[in-house]
Amino acid sequence: MAAATSALRRIALVTGASQGMGKCIALRLAADGFKVAINDVATKENQLQEVVTQIEANGGEAMSVVADVTKEDNVQAMTSQVVKQMGGLDVMVANAGIFGPFKPLVELSVDEFEQLMSVNMRGVMLSYKHAALQMIKQGRGGRIIGAASQVGIQGMPNISAYCASKFGVRGLTHSAARELAQYKITVNAYAPGHILTEMNLKPEDSINGGPGSTTKKILGLPADAPVGEPEVAASLVSYLAKPESYFITGQTIGVNGGIICS
């Protein structure tokens with residue numbers, strides 16, 4: 001009976017899940033009863049294994065898969081490995097991304113721009129594409145969920161490349177939702193605000209006003225701008241992954257404490 005129950009469990013793949021928001025999302029989906037595959041780059045393989053161990057210690061089922069989401073052959077192989085080992089793919093969370101650089105547009109180099117776009121845009125596109133191909137093949141619908149940002153809804157100074165990449169995720173998400181609706185695949189994005197993950201915590205926070213204060217200062221945000229823990233984004237992803245979210249698609253949903261309303 002246990003084996004039969006396990007076989008019916010839905011399968012989720014979360015990219016960029018060795019730490020921060022991706023890790024929190026993976027832990028939440030595992031707690032929701034998903035079999036969870038977690039991905040990151042090779043330099044974070046040990047961290048990935050720690051997350052797998054944590055999920056398994058809590059009674060869940062997990063696997064790690066190392067891949068560079070900027071490379072199509074890696075994403076294709078990652079998807080195939082998850083399907084082979086876990087039995088399919090029901091939810092793709094394209095969470096992998098990088099932040100910065102913090103500088104004016106006139107100082108931004110082409111290499112800096114292209115590096116950021118390769119992860120934040122190409123990586124999401126490839127994750128969407130290969131998840132969609134697998135879900136169409138399975139014929140049982142699915143959920144595709146991408147990482148946007150509050151600055152993909154309203155731009156901010158000194159992070160133009162990052163803003164552009166997250167505006168791009170919104171456009172990709174909205175278009176893919178229209179294309180994939182016929183297959184009962186929903187496509188949505190979560191747009192976090194100032195979330196207290198490793199990306200937003202800096203050594204200088206201790207002298208700038210507490211956790212997340214340095215990033216606020218760099219971005220020109222007020223010192224009292226709202227901050228949230230990564231669980232607030234994970235809870236939204238958890239809902240978007242559920243069967244009852246079938247009527248929500250093509251949306252980019254803010255998780256920002258009301259600092260930007262759309």
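Only a predicted model underlies this, so the values are computations on that prediction, with no experimental measurement involved.

Helix and strand counts for the chain stand at 9 helices and 7 strands. A burial count over the chain gives 50% of its 262 residues as buried. When the accessible surface of the chain is totalled, it reaches about 12,200 Å², and 54% of it is carbon and sulfur.

This paragraph deals with the packing of aromatic side chains. For the structure on display, the rule yields 3 aromatic pairs. Between F99 and Y162, the ring centres sit 4.5 Å apart and the planes meet at 70°, which makes this aromatic pair edge-to-face. In this pair, F99 is assigned in the loop between strand 4 (91-94) and helix 5 (110-138) and Y162 in helix 6 (residues 160-180), connecting sequence segments 63 residues apart. A ring pair is formed by Y246 and F247, whose centres lie 6.1 Å apart and whose planes are at 55°; its orientation type is tilted. Taken as a pair, Y246 and F247 share a single burial class, namely exposed. Each residue in the set F99, F102 and Y162 is aromatic and connected to the rest through ring pairs, giving one cluster.

All right, on to the sheet that holds strand 3 (residues 61-66) then. An order of 3-2-1-4-5-6-7 is seen for the 7 strands of this open sheet, with the pairing classed as parallel. Each edge of the open sheet is held by one strand with a lone partner, namely strand 3 and strand 7 (252-255). Averaged over neighbouring strand pairs, the angle between their axes works out to 20° when direction is ignored. Against the sheet, helix 5 touches strand 4, strand 5 (142-147) and strand 6 (185-192), its axis set at about 175° to strand 5.

Turning next to the side chain of S127. Residue placement: S127 occurs in helix 5. At 2.8 Å, the side chain of S127 and the backbone oxygen of G123 are in polar contact. In contact with S127, not counting residues within four places along its chain, are T15, V69, V75, M92 and A94.

Below, the discussion takes up the environment of A241. Here A241 lies in helix 9 (residues 231-241). C-alpha of A241 to C-alpha of A12: the two residues are 229 residues apart in sequence and 8.7 Å apart in space. With near-sequence residues (within four places) excluded, A241 lies in contact with R10, L29, F34, V91, R143 and I145.

Attention now moves to the nonpolar core. Ranked by size, the top nonpolar core spans 34 residues in total, and within it L13, V82, Y128, M135, I144, L180 and V187 carry the most contacts. Among the elements of the structure, strand 1 (11-14), strand 3, helix 4 (72-86), strand 4, helix 5, helix 6 and strand 6 are those that each provide at least two residues to this core. A total of 6 residues in this core trace back to one element, the largest contributor, which is helix 5. The residues contacting L180, other than those within four sequence positions of it, are A132, I136, I144, I185 and V187.

This part is about unusual backbone geometry. Along the chain, G100 connects to P101 via a cis peptide bond; the corresponding omega equals -10°. Position of P101 among the secondary structure elements: in the loop between strand 4 and helix 5. Unlike most non-glycine residues, N158 shows phi in positive territory, near 75°. For N158, a relative accessible area of 33% gives the class partly exposed.

Per-residue confidence for the chain averages 89 on the pLDDT scale, and 84% of its residues sit at or above 70. Of the regions scoring below 50 in pLDDT, residues 1-7 engages in 2 contacts with residues more than four places distant in sequence or in other chains.

Next up on the list: the pattern of salt bridges. In total, this model carries 5 salt bridges according to the counting rule given. Between R28 and D32 there is a salt bridge, with the nearest N and O atoms lying 3.4 Å from each other. Judged by relative accessible area, R28 falls into the partly exposed class, the value being 32%. Salt-bridge contacts for K103 lead to E112; the nearest nitrogen and oxygen are separated by 2.9 Å. The class of E112 is partly exposed, set by a relative accessible area of 24%.

Across the 6 residues of strand 5, 6 count as buried, placing the element largely inside the fold. Residues G142, I144 and G146 line one face of strand 5 and the alternating positions R143, I145 and A147 line the opposite face, and both faces are buried. Relative to strand 5, strand 4 is paired through 4 bridges, and the arrangement is parallel. Following the sheet pairing, V91 is matched in strand 5 by R143. Taking the sense of rotation as the criterion, the β-α-β connection linking strand 4, helix 5 and strand 5 turns out right-handed. Bridge count between strand 5 and strand 6: 6 bridges; the pairing is parallel. Across the sheet, G146 pairs through a bridge with A189, a residue of strand 6. Crossover handedness for the path strand 5 to helix 6 to strand 6: right-handed.

Conventions we followed
- Residues numbered from 1 in each chain as written.
- Predicted model: local features only at pLDDT ≥ 70, side-chain atom pairs only at ≥ 80, totals over all residues.
- Heavy atoms only, no water.
- Helix = DSSP H or I, 4+ residues; strand = E, 2+ residues; numbered from the N terminus.
- Buried < 20%, exposed > 50% of the residue type's maximum accessible area, 1.4 Å probe, protein only.
- Areas by Shrake-Rupley, 256 points an atom, 1.4 Å probe, with all protein chains shown as cover.
- Phe/Tyr/Trp six-rings, centres within 6.5 Å; stacked < 30°, edge-to-face > 60°.
- Pairing = 2+ DSSP bridges.
- Axes fitted to C-alpha atoms, helices over the stretch in contact; angles between N-to-C directions.
- Contact = heavy atoms within 4.5 Å.
- Polar contact = N/O pair within 3.5 Å; in protein donor to acceptor, adjacent residues only side chain to side chain.
- Core = buried A, V, L, I, M, F, W, Y, C linked by side-chain atoms within 4.5 Å.
- pLDDT = per-residue confidence, 0-100.
- Salt bridge = Lys/Arg side-chain N within 4 Å of Asp/Glu carboxyl O.
- Right-handed = clockwise from strand over helix to strand, strands pointing away.

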